[in-house]
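What follows is each chain in one-letter form.
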Amino acid sequence: MPSALDTNMRFKFSILALLLQVAIIVLFGIFVEYETDNQFQTLHPLFQDVHVMIFVGFGFLMTFLKKYGFSSVGINMLIAAFGLQWGTLMQGFWHMDAGKIFVHIESMINADFSTATALISFGAVLGKTSPVQMLILTILEITIFACNEHLVTKIFQATDVGASMTIHAFGAYFGLAASLVLYRPGLKNKHEDEESTYHSDLFAMIGTLFLWIFWPTFNSAIAAHDDRTKAIINTYYSLAASTVVTFALSSLVDQRGKFSMVLVQNATLAGGVAVGTCADLLTHPFAAMCIGAIAGIISVLGFHFLTPVLASKLNIHDTCGVHNLHGLPGVLGGIAGIVVTAIQSKNGKGVPHTPGMQAAALGSTIGIALVGGALTGAILKLPFLGQASDKNCFDDSIYWEVPEEEKLHAVHSNNYDEHSRFEATM
Amino acid sequence: MPSALDTNMRFKFSILALLLQVAIIVLFGIFVEYETDNQFQTLHPLFQDVHVMIFVGFGFLMTFLKKYGFSSVGINMLIAAFGLQWGTLMQGFWHMDAGKIFVHIESMINADFSTATALISFGAVLGKTSPVQMLILTILEITIFACNEHLVTKIFQATDVGASMTIHAFGAYFGLAASLVLYRPGLKNKHEDEESTYHSDLFAMIGTLFLWIFWPTFNSAIAAHDDRTKAIINTYYSLAASTVVTFALSSLVDQRGKFSMVLVQNATLAGGVAVGTCADLLTHPFAAMCIGAIAGIISVLGFHFLTPVLASKLNIHDTCGVHNLHGLPGVLGGIAGIVVTAIQSKNGKGVPHTPGMQAAALGSTIGIALVGGALTGAILKLPFLGQASDKNCFDDSIYWEVPEEEKLHAVHSNNYDEHSRFEATM
Amino acid sequence: MPSALDTNMRFKFSILALLLQVAIIVLFGIFVEYETDNQFQTLHPLFQDVHVMIFVGFGFLMTFLKKYGFSSVGINMLIAAFGLQWGTLMQGFWHMDAGKIFVHIESMINADFSTATALISFGAVLGKTSPVQMLILTILEITIFACNEHLVTKIFQATDVGASMTIHAFGAYFGLAASLVLYRPGLKNKHEDEESTYHSDLFAMIGTLFLWIFWPTFNSAIAAHDDRTKAIINTYYSLAASTVVTFALSSLVDQRGKFSMVLVQNATLAGGVAVGTCADLLTHPFAAMCIGAIAGIISVLGFHFLTPVLASKLNIHDTCGVHNLHGLPGVLGGIAGIVVTAIQSKNGKGVPHTPGMQAAALGSTIGIALVGGALTGAILKLPFLGQASDKNCFDDSIYWEVPEEEKLHAVHSNNYDEHSRFEATM
């Protein structure tokens, strides 16, 4: 009995996924060739670091929800594995040579990067969308991302080595716009499953730490060879500063002075996002630390004050708080890029980037992300895409076989409650 | 009171392990010298990637069982730490120079590889064997592996860069043959502890993801320098295709369209296994994707239809389903190698490998693995090797000190059940 | 109502952390410049490996306590992120050039190393100190460490490539001395929360394995280029030997022959610590295996026999057993360094290190660590630093927001107990 809330996607999902995979293989057969470059020694370790961030970092970061770990780490894997193929094509079409797309290690790094946009948006809608919806979002978002990336780097000639704008801000605002369009009044009051457990918070720290550790690689992987060391050093110290500031503010905003795992899992990473645009341009490490410290402050304040307001006033429900980890710090990164290029132009350093073009890049990125995300959200609203009912949100068991024990546990809990009530009436 | 089911292996295990370690140190003292090569920059990152796969990848992949995580990750570590020393000697004896074995970074990669065979076989017998049995299996399997590897690469001159045949198929069929000989009728009906919990499935995903991420390194680590990039690219896209196909088929084979963690944890990796033999030979990325997609299909169908039949009809109980992750995809990889060398020979590409020799390599590998595994299983059947009773299978507490809380928890559950019965009779 | 046991550190912690971060940024602004070296290809992968060890390795290793995982992995991150900035300055002040500290990838590896001392000491006092106390300890310990490191390497001209003495023994004895001064009679009887659960032990294995896997990098990262391969090979085989020996002895010291997770999590790593000083000097792999095997024996015996005595007789409570993982194997490493330099001096190999200076380095390291740790402990005893009461030790909820579910669970357990008592009196 198919209905608007039919979440059995046996044929919808499998046929869509198989068709997409076949289409990609055909397109690869027509367009894609190898290019063996001589940068193996340098790029291969960078590629593997980024690969860890995409699959382990993003995947486990989202496992903080108590009943949504399978989806977080599993659908993250699906999006990334599908997206890296799609991203290879979408980015490749902008750089064809004699009608062919040439893949090499750097293009694999870029393909991994392209999936990060969809994974960030996944964080905004986590728990509220079906795997079919996420496949569609991935196709649309990576396509639009590749266009915007081309606009930013080729038309505007803007610099964004660590992709503060083109990945982080883009992914966040795309996801937030989609989340707005997909808004469910039924989730206005906090869903009982939208919370963590002790161990789910520890699983999430696996994701946080691998993102944190390899972020210097992320921000330097596509830098010019001579600037790579600087990009790594700047990211290293920016992250360190944002981490100390995050702990400080996490304690400060809590009445009992207690740390919050949400903040430690997320705001500690804001320094990596914010230093991305100008990681290879800064000329003093302390500037990177300032950017990191400000990013930490903005991110903590965003989680503490802004996210609740976005949800209650603007109907933007952001499950993972991607606005605070990727959105605001990404914008900060874009602004830092404007300021740094302005200073360096003024000093006559002969940088090829202008503050005006940096500003255009930031503006176009946010604008395209918002419009693209809203349109995507409208498409995902189609009623046959397997979306869960409000009641079943944030629960793996809609889309996954879940171990029996958990079901028994649920029964037990019910018994227990009944039993307690029984006692209470004795 | 020693008996056939005495699982206290205090002296048996410790004396065996210490004797083996002393023997290995003596053999190293006689035979092993350093060789400092000039490939440090290239090989060291590859070595560390493989090292992560062996210890974290294989170790956590097997933690899916609810009460067998200590053994999975712990005995995995023991087998690998012991096996890499033994593998250094066994592989080294085939490549001696002036009576000496020279170790360098590549030989450490190969030593790590050799342990993978025993770790794969461990997956087939997981939960049913004692640590003493696993030490003996490791010695025998790595010894036989080194002989077969020599036969395949030196006598047959076959190519198997990612070791689809010599490691994956070998390890799987060796383990399955051992499992057949060790068959226990008492486990015919599914053991109540042979299942996962929500968090044990998440721990297993740590293993899956690190294997998935570093598989491109696995398949390229011992490739010729110029072919390494190609091997990495092929493995990357093969894995991506097998992952998308795995999700599609996982949904398709379930009546409610739900994904299965068993499949996501395992079949997603089949593309890495299957593309191994010809990762450096393929000349188009789409061919790698085809191999990956077929591997995903075979692996899912194997888990869904074949594993239950093997257990019920052929008395082959395969705890982790290594036949579907390593066996069938390994054979597929071997066949792909035959086809690719046939095509390239026909095109006169002057490859040094012939399809006939590739077929001989595949056949000999499976044959030697089956015979070797069966003989090893017969030895492991000796009644004083500390094997657990049927009832105590899949339970860490036989061989490990387990936290008190768990025992209390078990007591609580019993109390609870009694209590429920008590209520029911009120 | 502030009191000696006021653990609300809202203002104390946040103001201290922010002031320190601002001070560090100012100092970086005055002193720190980039130096782009041409060793990027070699050093970057080594840096990232060490970075994983510091943040994931040490962080998760300490998550074994059932209610202290947030602090273990979170405060580990705080100490390391703060410490690497402080370490950059403290180590840099000893190597200034024209009044400037030049940072490059090697100095980031060294900064990471410097934090390891504080993380090891954290293990000794884990569960008994506040975040404010840990910040202060980190400042003091890294400052003293940098002085001792200068003394050992520049004044004594001693060799300690893998830092068995300057990091491992130093961090352990510093922490033990602090723990002695901070001794609490109220914890004489084992605290009920000072134990693991099944899953907390698995989380700890994440830490163990990443430390184990990347230890070859740790011991070779700052070696001379030509000695790096040798240092890696020696560490690889030393760890393997200590792992096999640890399993053997773990079974042997238990009456039922069962393995202990405490030993597998820790003593398996002792081989990496002990081979550190002479990893680049040994001339035969079997010598590294002998050192690893002895380290495994010492470490297991230390955990089994010595730690209980230290706690009961000497009032030194060592939560993680850092004495057995870092202290004793570190001393063993120092002694091995003396022996190896003595043999090589005798053989006229012209090594620049003398056994006398190695002995002086070992002695000064332990002495300075003990005095520095005791003084630090005395400072941490100041009654307004937010230390938890004896009853609240080993419990995250004093310093962290902990998920509701856990609190409910605690309430349930209480209800349950009352209920059981109720039944018993029926």
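Please read all numbers here as calculations on a predicted model, not as lab measurements.

Side note on the overall build of chain A
Looking only at helices and strands, one finds 14 helices and 2 strands in chain A. Over its C-alpha atoms chain A spans a radius of gyration of 22 Å, differing by no more than 12% from the 22 Å that the globule rule assigns to 426 residues. In terms of its C-alpha atoms, chain A occupies a principal-axis envelope of roughly 85 × 55 × 40 Å. Counting over 426 residues, chain A shows a buried share of 66%. Taking the intrachain contacts of chain A between residues at least 6 apart in sequence as the baseline, contacts between residues at least 24 apart amount to 84%. Only carbon and sulfur atoms are counted for the fraction: they give 65% of the accessible area of chain A, which is about 13500 Å². Placing the 21 positive and 31 negative side-chain charges of chain A at their respective mean positions leaves the two points 8 Å apart.

Digging into the interface of chain C and chain A
If you look at the interface, chain C gives 73 residues, while chain A gives 65 residues. Taken over both partners, the interface formed by chain C and chain A buries close to 6000 Å², and the fraction arising from carbon and sulfur atoms is 73%. Contributions of two or more residues to the side of chain C that touches chain A are made by helix H1 (10-31), strand S1 (32-34), helix H2 (40-61), helix H3 (69-93), helix H4 (105-125), helix H7 (198-220) and helix H14 (404-424) of chain C. The element best represented in the side of chain C that touches chain A is H3(C), accounting for 12 residues. The class makeup of the residues in the side of chain C that touches chain A is 41 nonpolar, 21 polar and 11 charged.

Comments concerning the interface of chain B and chain A
One frequent convention defines the size of an interface as the accessible area lost when the parts assemble. At the interface, 65 residues of chain B touch 72 residues of chain A. Across the chain B to chain A interface the summed buried area is about 6000 Å²; carbon plus sulfur atoms make up 73%. When the buried area of chain B at its contact with chain A is split by residue, Tyr198(B), Tyr236(B) and Phe259(B) rank highest and sum to 14% of it. Viewed at the interface, chain A and chain B are joined by 0 salt bridges. At the boundary of chain B with chain A, the tally comes to 21 residue pairs in polar contact (both at pLDDT 80 or more).

Concerning the confidence of the model for chain A
Interpretation of this model should avoid reading the predicted coordinates in detail wherever pLDDT is low. All names here are of chain A. For chain A, mean pLDDT is 92; residues scoring 70 or higher make up 93% of the total. Note that pLDDT drops below 50 for residues 411-426; the model gives that stretch 14 contacts with residues more than four away or on any other chain. For this predicted complex, the interface score ipTM comes out at 0.94, alongside a pTM of 0.95.

Things to note about the packing of helix H1 (residues 10-31) of chain A against helix H5 (residues 131-155) of chain A
All names here are of chain A. Between H1 and H5, the shortest axis-to-axis distance is 9 Å and the interhelical angle comes to 25 degrees. The orientation of H1 with respect to H5, classified from their angle, is roughly parallel. When you trace H1 past H5, the crossing you get is left-handed. In this structure, H1 uses Lys-12, Phe-13, Leu-16, Ala-17 and Leu-20 to contact H5, whose residues at the interface are Pro-131, Val-132, Leu-135, Ile-136 and Ile-139. Grouping the amino acids of the contact of H1 with H5 by side-chain chemistry returns 9 nonpolar, no polar and 1 charged.

Section: unusual backbone geometry
In this structure, Gln157(A) takes a positive phi of about 55 degrees despite not being glycine. Inspection of the secondary structure puts Gln157(A) in the loop between H5 and helix H6 (164-181).

Digging into the relation of the copies chain B and chain A
With an axial shift of 0.0 Å and an RMSD of 0.0 Å, the rotation relating chain B to chain A amounts to 120 degrees. When the rotation and shift are considered jointly, the pair of chain copies conforms to a three-fold rotation axis.

Overview of the environment of Thr117(B)
All names here are of chain B. Within the secondary structure, Thr-117 is located in helix H4 (residues 105-125). When the C-alpha atoms of Thr-117 and Ile-167 are compared, they prove to be 5.3 Å apart, with 50 residues separating the residues in sequence. Once residues lying within four places of it in the same chain are set aside, the contact partners of Thr-117 are Glu-141, Ile-142, Phe-145, Thr-166, Ile-167, Phe-170 and Gly-171.

Focus on the pattern of salt bridges
Residue and element names in this part refer to chain C. Applying the stated criterion across every chain, the model contains 15 salt bridges over all chains. The residue Arg-184 makes a salt bridge to Asp-390 at a minimum N-O spacing of 2.8 Å. Taken together, the residues span a long stretch of sequence, with Arg-184 in the loop between helix H6 (164-181) and H7 and Asp-390 in the loop between helix H13 (355-380) and H14 at a distance of 206 residues. Of the residues examined, Arg-184 reaches a relative accessible area of 9% and is grouped as buried.

Regarding the packing of aromatic side chains
Two descriptors summarise a pair of aromatic rings, namely the distance from one centre to the other and the angle between the planes of the rings. Residue and element names in this part refer to chain B. This model, assessed by the stated rule, comprises 60 aromatic pairs over all chains. Here the aromatic rings of Phe-210 and Phe-214 are separated by 6.2 Å at their centres, their planes lie at 20 degrees, and the arrangement is stacked. Residue Phe-210 and its partner Phe-214 are located together in helix H7 (residues 198-220), separated by 4 residues, close to a single helical turn. Assessed through its relative accessible area of 2%, Phe-210 is described here as buried. A relative accessible area of 7% means that Phe-214 is categorised as buried. When the centroid spacing of 5.2 Å and the interplanar angle of 80 degrees are considered together, the rings of Phe-247 and Phe-259 count as edge-to-face. Taken together, the positions of Phe-247 in helix H8 (residues 228-252) and Phe-259 in the loop between H8 and helix H9 (261-266) put the pair 12 residues apart, joining distant regions of the chain.

Observations concerning H7(C)
Three or four residues apart is the spacing at which side chains of an α-helix point the same way, because the helix has 3.6 residues per turn. An ideal rise of 1.5 Å per residue puts 33 Å on 23 residues; H7(C) measures up with 34 Å between its terminal C-alpha atoms. With respect to burial, H7(C) is a largely interior element, 23 of its 23 residues being buried.

Observations concerning a nonpolar patch on the surface
All names here are of chain A. Among the surface-exposed residues, Phe-11, Ile-15 and Leu-19 lie close enough to one another that they form a single nonpolar patch of about 330 Å² accessible area. Mapped onto the elements, Ile-15 comes out in helix H1. What makes Ile-15 partly exposed here is its relative accessible area of 46%.

Focus on the environment of Val125(C)
Structurally, the position occupied by Val125(C) is in helix H4. Separated by 50 residues in sequence, Val125(C) and Gly175(C) have C-alpha atoms that sit 6.9 Å apart.

With respect to the side chain of Thr166(A)
In this structure, Thr166(A) sits in helix H6. Excluding residues that lie within four positions of it along the chain, Thr166(A) makes contacts with Thr117(A), Phe145(A), Asn148(A), Glu149(A), Val152(A), Asp160(A) and Thr365(A).

What to know about the side chain of Lys128(A)
All names here are of chain A. Tracing the backbone through its elements, the reader meets Lys-128 in the loop between helix H4 (105-125) and H5. One buried charged residue, Lys-128, forms no salt bridge at all, with the nearest opposite charge on Glu-194 at 6.7 Å. A distance of 3.4 Å separates polar atoms of two side chains, one belonging to Lys-128 and the other to Ser-179.

What to know about the packing of H1(A) against helix H11 (residues 285-313) of chain B
Packing of H1(A) against H11(B) brings their axes to within 8 Å, and their N-to-C directions diverge by 155 degrees. In terms of orientation, H1(A) lies roughly antiparallel with respect to H11(B). Both H1(A) and H11(B) take part in a crossing whose hand is left-handed. Counted together, Gln21(A), Ile24(A), Ile25(A), Phe28(A) and Gly29(A) of H1(A) and Pro285(B), Phe286(B), Met289(B), Cys290(B) and Ala293(B) of H11(B) form the full contact between these two elements. Residues of the contact of H1(A) with H11(B), tallied by class, amount to 8 nonpolar, 2 polar and no charged.

Some points on H4(A)
Between the first and last C-alpha of H4(A) there are 31 Å, a value that for 21 residues agrees with the 30 Å anticipated at 1.5 Å per step. Of all 21 residues in H4(A), 20 are buried; the element is thus mostly enclosed.

Observations concerning the environment of Ile291(A)
All names here are of chain A. Turning to its location among the elements, Ile-291 is positioned in helix H11 (residues 285-313). On the basis of relative accessibility, which here comes to 11%, the residue Ile-291 falls in the buried class. For the pair Ile-291 and Leu-332, spaced 41 residues apart in sequence, the C-alpha separation works out to 8.2 Å. In this structure Ile-291 touches Ser-238, Ala-274, Val-275, Cys-278, Leu-282, Leu-332 and Ala-336, once residues within four positions along its chain are discounted.

Conventions and cut-offs
- Residues numbered from 1 in each chain as written.
- Chains lettered and ligands numbered in written order.
- Predicted model: local features only at pLDDT ≥ 70, side-chain atom pairs only at ≥ 80, totals over all residues.
- Heavy atoms only, no water.
- Helix = DSSP H or I, 4+ residues; strand = E, 2+ residues; numbered from the N terminus.
- Rg over C-alpha atoms; globule rule 2.2 N^0.38 Å.
- Buried < 20%, exposed > 50% of the residue type's maximum accessible area, 1.4 Å probe, protein only.
- Contact = heavy atoms within 4.5 Å.
- Areas by Shrake-Rupley, 256 points an atom, 1.4 Å probe, with all protein chains shown as cover.
- Lys, Arg positive; Asp, Glu negative; His and termini not counted.
- Charge placed at Lys NZ, Arg CZ, Asp CG, Glu CD.
- Buried area = accessible area lost by both parts, 1.4 Å probe.
- Nonpolar A, V, L, I, M, F, W, Y, C, P; charged D, E, K, R; others polar.
- Salt bridge = Lys/Arg side-chain N within 4 Å of Asp/Glu carboxyl O.
- Polar contact = N/O pair within 3.5 Å; in protein donor to acceptor, adjacent residues only side chain to side chain.
- pLDDT = per-residue confidence, 0-100.
- Axes fitted to C-alpha atoms, helices over the stretch in contact; angles between N-to-C directions.
- Parallel < 35°, antiparallel > 145°, perpendicular 65-115°, else oblique.
- Left-handed = near helix turned anticlockwise from the far one by under 90°.
- Least-squares fit on C-alpha atoms with pLDDT ≥ 70 in both.
- Phe/Tyr/Trp six-rings, centres within 6.5 Å; stacked < 30°, edge-to-face > 60°.
- Expected span 1.5 Å × (residues − 1).
- Patch = residues over 30% accessible without salt bridge, like charges linked within 9 Å, V, L, I, M, F, W, Y side chains within 5 Å.

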